[in-house]
Amino acid sequence: MTTNGWIQITVFLLVVLALTKPLGGFMTRVFNREKTLLDPALRPLERLIYQLTGVDETTEMRWTEYTAAMLIFSGVTMAVLYLIERVQYWLPFNPQKLSGVAPDLAFNTAASFTTNTNWQAYTPETTMSYLTQMAGLAYHNFISAAVGIALAIAVVRGIARREKDTIGNFWVDMTRATLWVLLPLCIVCALFFVSQGVVQNFKPYTTVELVDPQTVQQTGADGKVTTQVVREQTIAQGPTASQEVIKEFGTNGGGFFNANSAHPFENPTPLTNFVELVLIFSLGSALTYTLGQMTGSPRHGWAVWCAMAILFLIGVTAAYAFEARGNPLLQGPNPGASPVAPAGNMEGKEVRFGIANSALWAVVTTDTSCGAVNSMHDSYTPLGGMIPLINILLGEVVFGGVGSGLYGIIVFIILSVFIAGLMVGRTPEYLGKKIESFDVKMAMLTVLIYPLLVLGFTGISVVAPKFGTSSIANAGPHGLSEIFYAYAEAGANNGSAFAGLNANTVWYNTTIGATVLFGRFFMVIPVLAIAGSLGRKKHVPESVGTFPVTTPLFTGLLISVILIVGALTFFPALSLGPILEHLLMGAGKVF
């Protein structure tokens, strides 16, 4: 680890902190229907949308109606994306004449982008046309993020309101999240990315001659080895900048290119790398301030922010340390850094980003539900790769995905105050609302759905040689980690991967597609039920026995509950995967 690396990490967190209050305050005004500077331009457009769609913006919904509207909308848009993928060959903006996507892969991709997961079991450059990328995938990048924000705001309203049956209007919340929060900044940042070298065009791919032709060997089906001289390269391009910004700001993560944000056409400079990192964290961080403002307890919002920041610092310190230490089996006589040979594990990393920015990105993208990568997690050291996996397994509540991070950590807050109530022998309270059995049951249901999905499908896959283990590139504990990571990210709607797994098979496309759907919708329904329950309750004044949710003690308890739930649930699987791989690496065996 270097001083320069730590300076960059520190500056990053300080910039995120500086953006939290202004962006969080802006979202508070937007969803409280207060006046903003963008109203003169956006209110007429908003009214036009409501007139065309028949939405009454003054009508609010109960939590059941809110949930039904969200599910219906998501289902319809998922079906439209599936159709676009299947018939893309006959649609415009397809200069490469790419064929329609196979049914199982189209289902997997439609489910993935609808749920803000953006898992990609395909190579984008050779699979998706420009129209599919724009009208299908980029559209869902906006809409899935807007749905997540809307859900978080609905949950916060349930906490803040007193004796009310409604938690808002889904159509209004989603529209305002898109128009006021997502679109303006995305337009500005897309132009900035273009200025830095991110491509944005509709040109066909360019074929160029190599300055230095490459000789490659290929093994045919008959086992014979042939030698071929490669003299040309096809350079993919397309409307990238417009998708890159929402990919990060909406914590979507699906890349226009297979290399994702390690590709110079997506992430060309250190400045774009820094801006993209800030975009990933900005909305999740700002929503903690929105929570404090809308509930009338700003100190509670900052207490939640501090819990997230501490968990982030623990994760980035561990990942940076493990990657800077490197693989002991590859260390030469001088393991220190030099101008031509950086210290640590550089496999799978861009030299222009180095270990610090690669480890930072890996932690940021898995603390949230983003999943974009600027290095390959499959090439990390066993313990270095375990940190992104743990971040996902904890529920991605460290700032988290847009909206999902906030309502995810609210579940842990309810469990924390419940435990605190048990300690003092009285009914737990959260911001003046009594937490009763229904609320705790719904919180536990949310917590239990995730491990059931992840461990269930992982267990089936690792004992099925025909359709499970046949897709892994590495044997032993690393192969287990590849499968475990795939279902973990799917259930948490992350989208990143241990890339050694060939997931473009009927089994993995189907089960991962099902996992992302269950992970998104079956986990948010109980959370909305909690919001409806809290909104109907009376406000209870604080008393001597009330556990304060604005203190360092609360922050510490919240962190402990998050870590304990994750550790108790997934420690056996982690022991058989990255921890065992680390121990075997120390004994001289690698996979």
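Description of the structure in this document. (Residues numbered from 1 in each chain as written. Predicted model: local features only at pLDDT ≥ 70, side-chain atom pairs only at ≥ 80, totals over all residues. Heavy atoms only, no water.)

1. Quick look at the overall build of the protein chain
To be explicit about the condition: By definition, any uninterrupted DSSP run of H or I lasting at least four residues is a helix, any uninterrupted run of E lasting at least two residues is a strand, and each is numbered from the N terminus. Buried residues are those whose accessible area, probed at 1.4 Å on protein chains only, stays under 20% of the maximum for their type, while exposed residues exceed 50% and partly exposed ones sit between those limits. Only heavy atoms enter the contact rule, under which two residues are in contact if any of them lie within 4.5 Å.
Check the secondary structure of the protein chain and you find 17 helices and 4 strands. With respect to the principal axes defined by its C-alpha atoms, the protein chain has extents near 80 × 55 × 45 Å. Looking at the protein chain as a whole, 57% of its 591 residues are labelled buried. Pairs at least 24 residues apart make up 78% of the contacts formed inside the protein chain by residues separated by at least 6 positions.

2. Considering the pairing of strand 2 (residues 225-235)
Quick reminder of the rule: One bridge is not enough; two strands pair if DSSP finds at least two bridges between them.
Strand direction decides the pairing type here: strand 1 (residues 206-219) and strand 2, joined by 10 bridges, are antiparallel. The partner of Gln217 across the bridge, within strand 2, is Thr227. As consecutive antiparallel partners, strand 1 and strand 2 are separated by 5 residues, and within that stretch Gly223 has a phi angle of approximately 90°, a positive value.

3. So, the nonpolar core
Applicable threshold: Nonpolar cores are built from buried Ala, Val, Leu, Ile, Met, Phe, Trp, Tyr and Cys residues. Side-chain atoms within 4.5 Å join them into one set.
Of all hydrophobic cores here, the largest spans 161 residues; its most connected members are Leu182 and Phe312. The biggest single contributor to this core is helix 6 (residues 130-160), with 15 residues. Here Leu182 is in contact with Phe142, Ala145, Ala146, Ile149, Ala177, Ile246, Phe249 and Leu283, once residues within four sequence places are set aside. In this structure, Tyr130, Val199, Tyr205 and Ala236 belong to the second largest nonpolar core, which totals 6 residues.

4. What about the pattern of salt bridges?
We apply this condition: Here, a salt bridge means any side-chain nitrogen of Lys or Arg that lies within 4 Å of a carboxyl oxygen of Asp or Glu.
Going through the model one piece at a time under the given rule, you end up with 15 salt bridges. Residue Glu244 is joined to Lys247 by a salt bridge in which the shortest nitrogen-to-oxygen separation is 3.1 Å. Remark: Lys247 and Glu244 occur in helix 8 (residues 241-249); sequence separation between them is 3 residues, near one turn of the helix. Both residues of the pair, Glu244 and Lys247, count as buried. Among the ionic pairs, Lys349 bridges to Glu323, the shortest N-O distance being 2.6 Å.

5. Points about the packing of aromatic side chains
To be explicit about the condition: Here a Phe, Tyr or Trp ring, Trp counted by its six-membered ring, pairs with any other such ring whose centre lies within 6.5 Å, and the pair is stacked when the planes are under 30 degrees apart, edge-to-face when over 60, and tilted otherwise. The rule for a charge over a ring is simple: NZ of Lys or CZ of Arg within 6 Å of the ring centre, and within 35 degrees of the ring normal.
Inspection of every chain in the model, using the stated rule, returns 28 aromatic pairs. Between Phe457 and Trp507, the aromatic rings sit 6.3 Å apart at their centres with planes inclined by 75°, giving edge-to-face as the arrangement. You can see Phe457 sitting in helix 14 (residues 437-462) and its partner Trp507 sitting in helix 16 (residues 506-535), a full 50 residues away along the chain. An aromatic cluster is defined as three or more aromatic residues linked by ring pairs; in this entry it consists of Phe12, Phe281, Tyr289, Trp302, Trp305, Phe312 and Phe399. Here Lys349 stacks its cationic end above the ring of Tyr380, 4.1 Å away from the centre of that ring.

6. What about the side chain of Glu244?
Selection criterion: As used in this structure description, the phrase polar contact means that two N or O atoms lie within 3.5 Å; if the pair is within protein, one of them must be able to donate a hydrogen and the other to accept it, and residues adjacent in sequence are counted only when both atoms belong to side chains.
Looking at Glu244, the relative accessible area reads 1%, which means it is buried. Within the local environment of Glu244, its side chain forms a polar contact with the side chain of Ser261, the two groups lying 3.2 Å apart. Excluding its chain neighbours within four sequence positions, the residues that come into contact with Glu244 are Phe193, Ser261, Glu266 and Glu276.

7. What to know about helix 3 (residues 63-86)
Stated precisely, the cut-off is as follows: Multiply 1.5 Å by the residue count of a helix minus one, and that product is the helix's expected span.
With 24 residues, helix 3 extends 35 Å between its outermost C-alpha atoms, agreeing within 8% with the 34 Å of an ideal straight helix rising 1.5 Å per residue. Looking only at helix 3, the buried set comprises Trp63, Tyr66, Thr67, Ala69, Met70, Phe73, Ser74, Thr77, Met78, Leu81, Ile84 and Glu85.

8. Re unusual backbone geometry
You will see that Thr251, though not glycine, has its phi angle at about 45°, which is positive. Among the structural elements, Thr251 can be located in the loop between helix 8 and helix 9 (270-294). Of note in this structure, Leu431 is not a glycine but carries a positive phi near 50°. Take Leu431: it is sitting in the loop between strand 3 (429-430) and strand 4 (433-434).

9. Focus: the environment of Glu276
Along the chain, Glu276 falls in helix 9. For Glu276, a relative accessible area of 0% translates into the label buried. Note: C-alpha distance between Glu276 and Glu489 (213 residues apart in sequence) is 20 Å. Discounting chain neighbours no more than four positions away, the residues touching Glu276 are Phe193, Glu244, Glu248, Ser261, Glu266, Asn267 and Trp361.

10. Some remarks on the packing of helix 12 (residues 382-393) against helix 17 (residues 552-586)
Note the cut-off: To obtain each axis, a line is fitted to C-alpha atoms, and for helices this fit is confined to the stretch in contact; angles are then taken between N-to-C directions over 0 to 180 degrees. Here the word oblique covers every angle except those under 35 degrees (roughly parallel), over 145 (roughly antiparallel) and from 65 to 115 (roughly perpendicular). Crossing handedness is read from the near helix: turned anticlockwise from the far helix by less than a right angle, it gives a left-handed crossing, and turned clockwise, a right-handed one. Classification convention: Asp, Glu, Lys, Arg as charged; Ala, Val, Leu, Ile, Met, Phe, Trp, Tyr, Cys, Pro as nonpolar; all other residues, Gly among them, as polar.
The geometry of helix 12 relative to helix 17 is characterised by a closest axis approach of 9 Å and an angle of 165° between their N-to-C directions. Considering their axes alone, helix 12 and helix 17 lie roughly antiparallel with respect to each other. Here helix 12 runs over helix 17; the crossing is right-handed. Contacts between helix 12 and helix 17 pair Pro382, Leu383, Met386, Leu389, Ile390 and Leu393 from the former with Phe570, Leu574, Pro578, Ile579, Glu581, His582 and Met585 from the latter. Classifying every residue of the contact of helix 12 with helix 17 gives 11 nonpolar, 1 polar and 1 charged.

11. Quick word on the packing of helix 10 (residues 298-325) against helix 13 (residues 404-424)
The interhelical angle for the contact between helix 10 and helix 13, taken along N-to-C directions, is 95°, at an axis separation of 12 Å. When the interaxial angle is binned, helix 10 and helix 13 end up roughly perpendicular. Contact with helix 10, carried on its side by His300, Val304 and Met308, involves Gly405, Ile409 and Ile413 of helix 13 and no other residues of that element. Here the contact of helix 10 with helix 13 is composed, by residue class, of 4 nonpolar, 2 polar and no charged.

12. Observations concerning the environment of Glu46
Residue placement: Glu46 occurs in helix 2 (residues 39-53). Considering only alpha carbons, one finds Glu46 and Val417, 371 residues apart in sequence, at a separation of 39 Å. Each residue touching Glu46, except ones within four places of it in the same chain, is listed here: Arg33, Glu57, Val172, Thr175, Arg176, Leu179 and Trp180. A polar atom in the side chain of Glu46 sits 2.5 Å from the side chain of Arg43. A polar contact of 2.6 Å, which involves the side chain of Glu46, links it to the side chain of Tyr50.

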